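Residues per chain are reported as follows:
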Amino acid sequence: TLQAVSNHGVRFNHFFSVVAMEQTFIAVKPDGVQRGLVGETVRRFEQKGFKLVAMKMVQASSAHLEEHYKDLKEKPFFSGLCTYMASGPVVAMVWEGSGVVAMGRMLLGETKPQDSLPGTLRGDFCINVGRNIVHGSDSVESAKREIALWFKREEIVTWKSCTHDWLYE
Ligand code: ADP
């Protein structure tokens with residue numbers, strides 16, 4: 001078996017199949033931390049098969065959160081959102097895998113808990129859009145921006161999971 005990982009995160013297996021890897025930014029929000037949902041969030045991403053490459057607990061500043069949510073600054077809920085997100089520590093993570101941005105959003109559920117199906121984090125554990133327990137990047141582009149905002153380059157760990165070849169053909 002010939003196996004090599006390029007600088008662009010593409011893994012070549014067995015001479016022909018190519019798995020394009022993505023990374024996404026996931027954060028357990030202050031209500032999720034307070035309600036003891038850090039382990040549950042990590043468990044669901046782990047059991048799906050995604051690879052954890054960075055994780056830290058952070059008390060985010062208002063300025064940091066205003067930057068994180070800058071696309072929403074015209075929304076009426078913007079200041080309440082930033083206050084909520086600064087109300088306690090968040091657990092910030094980077095998860096890696098093929099399609100992890102879109103599938104991560106599926107694991108979270110919809111923005112509004114009332115639209116989120118049971119089986120999703122928001123469908124199972126919360127009620128109110130303003131207390132929706134977890135954040136997940138909504139596109140590959142925003143994932144890149146958010147990862148760079150929350151993590152230094154040296155905080156992202158490169159490692160080979162022994163499950164890789166059981167998850168990807
Ligand atoms: P998502 O977090 O699902 O990507 P958005 O980017 O639209 O959703 O909104 C960011 C966050 O702002 C939501 O997760 C939620 O915490 C909060 N939010 C969104 N809409 C509302 C609302 N109508 N009222 C209060 N908070 C909201």
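All values derive from a computational prediction rather than experimental measurement. (Residues numbered from 1 in each chain as written. Predicted model: local features only at pLDDT ≥ 70, side-chain atom pairs only at ≥ 80, totals over all residues. Heavy atoms only, no water.)

Undergrad: Tell me about the UniProt feature "binding site: ATP" (unreviewed entry) in the protein, and name the residues and values.
TA: The feature "binding site: ATP" (unreviewed entry), as given by UniProt, occupies Lys29, Phe77, Arg105, Thr111, Arg122 and Asn132 in the numbering adopted here. Of note, Arg105 is situated in helix 5 (residues 100–108). Given a relative accessible area of 27%, Arg105 falls into the partly exposed group. Beyond its immediate chain neighbours, meaning those up to four positions away, Arg105 contacts Thr111, Gly136, Ser137 and Asp138. (UniProt positions renumbered as here; feature names shortened; annotations may be inferred. Helix = DSSP H or I, 4+ residues; strand = E, 2+ residues; numbered from the N terminus. Buried < 20%, exposed > 50% of the residue type's maximum accessible area, 1.4 Å probe, protein only. Contact = heavy atoms within 4.5 Å.)

Undergrad: Please give an account of the environment of Ser137 that cites residues and values.
TA: Mapping Ser137 onto the fold places it in the loop between strand 7 (134–136) and helix 7 (140–150). A sequence separation of 18 residues divides Ser137 from Gly119, and the C-alpha atoms of the two residues are 19 Å apart. Apart from residues lying up to four places away in sequence, Ser137 is in contact with Thr24, Phe25, Val101, Arg105, Ser142, Ala143 and Glu146. Within the structure, the side chain of Ser137 is placed 2.7 Å from the side chain of Glu146, a separation counted as a polar contact. (Polar contact = N/O pair within 3.5 Å; in protein donor to acceptor, adjacent residues only side chain to side chain.)

Undergrad: An account of the site of the ligand is needed here, citing residue identities and associated values.
TA: Around the ligand, the surrounding shell consists of Lys29, Tyr69, Leu72, Phe77, Leu81, Arg105, Thr111, Arg122, Val129, Gly130 and Asn132. Contacts to the ligand include Val129, whose backbone N or O atom sits 3.3 Å from an oxygen atom. Here an oxygen atom of the ligand and a side-chain polar atom of Asn132 are 2.8 Å apart. Compared with its free state, where it exposes 530 Å², the ligand has 75% of that area covered by protein. (Near = heavy atom within 4 Å. Areas by Shrake-Rupley, 256 points an atom, 1.4 Å probe, with all protein chains shown as cover.)

Undergrad: I'd like a description of the nonpolar core, backed by residues and values.
TA: Among the nonpolar cores identified, the biggest contains 19 residues, and Phe25, Leu65, Met85, Ala92, Val94, Trp150 and Phe151 are the most heavily contacted of them. Only strand 4 (22–28), strand 5 (51–58), helix 4 (78–85), strand 6 (90–97) and helix 7 provide two or more residues apiece to this core. The biggest single contributor to this core is helix 4, with five residues. In contact with Ala92, not counting residues within four places along its chain, are Phe25, Ile26, Ala27, Ala54, Met55, Lys56, Val58, Trp150 and Phe151. Counting residues in each nonpolar core, the second largest holds 17 residues, with Val42, Phe45, Trp95 and Leu107 among its members. (Core = buried A, V, L, I, M, F, W, Y, C linked by side-chain atoms within 4.5 Å.)

Undergrad: Kindly report on helix 7, identifying the contributing residues and their values.
TA: Taken together, the buried positions of helix 7 are Ser142, Ala143, Glu146, Ile147 and Trp150. Buried residues along helix 7 cover an arc of 135° about the axis, so they all sit on one side. Opposite the buried face of helix 7, at more than 90 degrees from it, the exposed residues are Glu141, Lys144 and Ala148. (Arc of directions from axis to C-beta.)

Undergrad: Before we move on, could you go through the sheet that holds strand 7 and cite the residues and values that matter?
TA: Sheet strands pair via backbone hydrogen bonds, and the direction of the pair is either parallel or antiparallel. Spatially, the four strands line up as an open sheet ordered 5-6-4-7, and their pairing is antiparallel. Each of the sheet's edge strands pairs with one partner strand only, and the pair in question is strand 5 and strand 7. Each neighbouring strand pair of the sheet contributes to a mean axis angle of 15°, computed without reference to strand direction. Against the sheet, helix 5 contacts strand 4, strand 6 and strand 7, and its axis sits at roughly 25° relative to strand 4. The strands that helix 7 touches are strand 4, strand 5, strand 6 and strand 7; relative to strand 4, the one it contacts most, it runs at about 60°. (Pairing = 2+ DSSP bridges. Axes fitted to C-alpha atoms, helices over the stretch in contact; angles between N-to-C directions.)

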